[in-house]
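# Chain and residue survey
Each chain is listed here by its residues.
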Amino acid sequence: MDYKITNDGIIVSESDLDLDETLDCGQAFRWKKIVSDYECTYQGRFINDDLTVSQVKKGEFLFHGISERNFLEKWKAYFDLDTDYSELKRCFSEDETLSKACGFAGGIRLLRQDSWECLISFIISQNNNIPRIKGIIDRLCGMYGGQFPDAAELAAETPDSLAPLRSGFRAKYICDAASKTSSGAVNLAKIAEMPIDDARAELKKISGVGPKVAECVLLFGMYRTEAFPVDVWIKRVLAEYYPGGFPEYLRENAGIAQQYLFHYIRNLQEK
């Protein structure tokens, strides 16, 4: 990854990035596509910035109107720009199925999101579709002046007070997550550092957090790349292409590999 400073912002050169594949693949829900640009407002309370990013040409992206310091301190890590995805894909492509998946959508990157926002987002995602998830999260942020509420703020809510979100049965899970996180009964920072099985168990102390949501929080909110969310699409991948189990040599970065597989099989089946 290279970058240069311009009057318009930061121009990033990165061949292993595609905005559509990365920002609209179901790993984050605050990005909005406006014509060819992607806009995000308060992408996680702890990033605390607005960002518009657009593709200038193939492999070149403009991060509009931000300073070099802002880019280096916040957005460079968020887009995982220090990781060599070309090398990851080379390794993945030793597997025939993953080779096809990487060739199909080679611009996917793992977004390093805020763990609290990620937890609530994937609680909301249960038995839901992406447009509806985005709508619920938009309404939630709207209740707090456009920013994502922290755990203490949400702990003051009840399922009844969250009724305007139209989140259904998920409201009581949101409240439980907020209560346990704000009280310290669940410590997301400590969970991120735990052995993976202990981390899974701790997350599942929250009502409504089952295996899939726990894996998503670990992968997308804590950058535990060994986490491996399994939904209906990945179940199909495993049954059809990996009946003997997922390749052992890929387990360290299985979550990133899963992103390529998920995007590939979902689009293949839908077509």
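So, here is what we can say about the structure in this document. Note that the structure is predicted; figures quoted are calculated from it, not measured.

### Here's the deal with the overall build of the protein
The helix and strand tally for the protein stands at 13 helices and six strands. Relative to a compact globule of 271 residues, whose C-alpha radius of gyration would be 18 Å, the protein shows 18 Å and is just as compact. A principal-axis box enclosing the C-alpha atoms of the protein has dimensions of 55 × 50 × 35 Å. The buried share of the protein, reckoned over its 271 residues, is 52%. Nonlocal contacts in the protein, meaning residues at least 24 apart in sequence, comprise 67% of its contacts between residues at least 6 apart. Counting only carbon and sulfur atoms, one obtains 47% of the accessible surface of the protein, whose full area is about 12300 Å². Of note, the protein has its 33 positive side-chain charges centred 5 Å away from the centre of its 41 negative side-chain charges.

### Here's the deal with helix α3 (residues 85-92)
Those residues of α3 that sit buried are Tyr-85, Leu-88, Lys-89 and Phe-92. Buried positions in α3, seen along its axis, are confined to an arc of 95° and lie on one side of it. Here α3 starts with a cap whose side-chain oxygen sits 3.1 Å from the backbone nitrogen of Ser-86, and that cap is Asp-84.

### Focus on the packing of helix α10 (residues 196-203) against helix α11 (residues 211-222)
Two packed helices can be described by the angle between their axes and the distance between those axes. Their axes nearest at 9 Å, the elements α10 and α11 cross at an angle of 115°. In this view, α10 runs roughly perpendicular relative to α11, as classed from their interaxial angle. Relative to α11, α10 is oriented so that their crossing is right-handed. The segment α10 lies against α11, with Ile-196, Ala-199, Arg-200 and Leu-203 engaging Ala-214, Glu-215, Val-217, Leu-218 and Met-222. In terms of residue class, the contact of α10 with α11 is made up of seven nonpolar, no polar and two charged.

### Examining the layout of surface pockets
With a probe scaled to a water molecule rolled over the atoms, the places where space remains empty come into view. Quantified by volume, the largest pocket comes out at close to 540 Å³. Surrounding the largest pocket, 26 residues form its lining, Ser-125, Asn-128, Lys-212, Asp-231 and Phe-262 being those nearest its centre. Of all the elements in the fold, those that place two or more residues in the lining of the largest pocket are α6 (130-142), α11, α12 (232-241) and α13 (254-270). Looking at the lining of the largest pocket residue by residue, the class counts come to 14 nonpolar, nine polar and three charged. Roughly 220 Å³ of internal volume is contained in the second largest pocket. The wall of the second largest pocket is formed by Arg-112, Gln-113, Asp-114, Ser-115, Leu-188, Ala-189, Ala-192, Phe-220, Gly-221, Met-222 and Tyr-223. Listed by contribution, the elements that provide at least two residues to the lining of the second largest pocket are α9 (188-193) and α11. Split into classes, the residues belonging to the lining of the second largest pocket amount to six nonpolar, three polar and two charged.

### Points about the pattern of salt bridges
Evaluated as defined, the whole model comprises 18 salt bridges. A salt bridge links Glu-73 to Arg-69, with the shortest nitrogen-to-oxygen separation between them at 2.9 Å. Separated by four residues within a single helix, Glu-73 and Arg-69 lie in helix α2 (residues 68-78), roughly one turn from each other.

### Observations concerning the nonpolar core
Ranked by size, the top nonpolar core spans 66 residues in total, and within it Ile-120 and Ile-123 carry the most contacts. When residues no more than four places from it in sequence are discounted, the contact partners of Ile-123 are Arg-170, Tyr-173, Ile-174, Ala-177, Ile-206, Val-209 and Val-213. Ile-10, Leu-19, Trp-31 and Phe-71 belong to the second-largest nonpolar core, a separate cluster that totals 20 residues.

### Some remarks on the side chain of Glu-202
With respect to the secondary-structure elements, Glu-202 resides in helix α10. For Glu-202, a relative accessible area of 19% corresponds to the buried category. At a separation of 2.7 Å, a polar atom in the side chain of Glu-202 contacts the side chain of Lys-205. Contact partners of Glu-202, with chain neighbours within four places excluded, come to Ala-185, Val-186, Ile-191 and Met-194.

About the thresholds
- Residues numbered from 1 in each chain as written.
- Predicted model: local features only at pLDDT ≥ 70, side-chain atom pairs only at ≥ 80, totals over all residues.
- Heavy atoms only, no water.
- Helix = DSSP H or I, 4+ residues; strand = E, 2+ residues; numbered from the N terminus.
- Rg over C-alpha atoms; globule rule 2.2 N^0.38 Å.
- Buried < 20%, exposed > 50% of the residue type's maximum accessible area, 1.4 Å probe, protein only.
- Contact = heavy atoms within 4.5 Å.
- Areas by Shrake-Rupley, 256 points an atom, 1.4 Å probe, with all protein chains shown as cover.
- Lys, Arg positive; Asp, Glu negative; His and termini not counted.
- Charge placed at Lys NZ, Arg CZ, Asp CG, Glu CD.
- Arc of directions from axis to C-beta.
- Polar contact = N/O pair within 3.5 Å; in protein donor to acceptor, adjacent residues only side chain to side chain.
- Axes fitted to C-alpha atoms, helices over the stretch in contact; angles between N-to-C directions.
- Parallel < 35°, antiparallel > 145°, perpendicular 65-115°, else oblique.
- Left-handed = near helix turned anticlockwise from the far one by under 90°.
- Nonpolar A, V, L, I, M, F, W, Y, C, P; charged D, E, K, R; others polar.
- 1 Å grid on protein atoms, 1.4 Å probe; cavity = no way out; pocket = protein on both sides within 12 Å on 5 of 7 lines; lining within 4 Å.
- Points joined across faces, edges and corners; volume = space filled by probe spheres on them.
- Salt bridge = Lys/Arg side-chain N within 4 Å of Asp/Glu carboxyl O.
- Core = buried A, V, L, I, M, F, W, Y, C linked by side-chain atoms within 4.5 Å.

Everything listed here is a matter of coordinates, which is why it stays silent on function.
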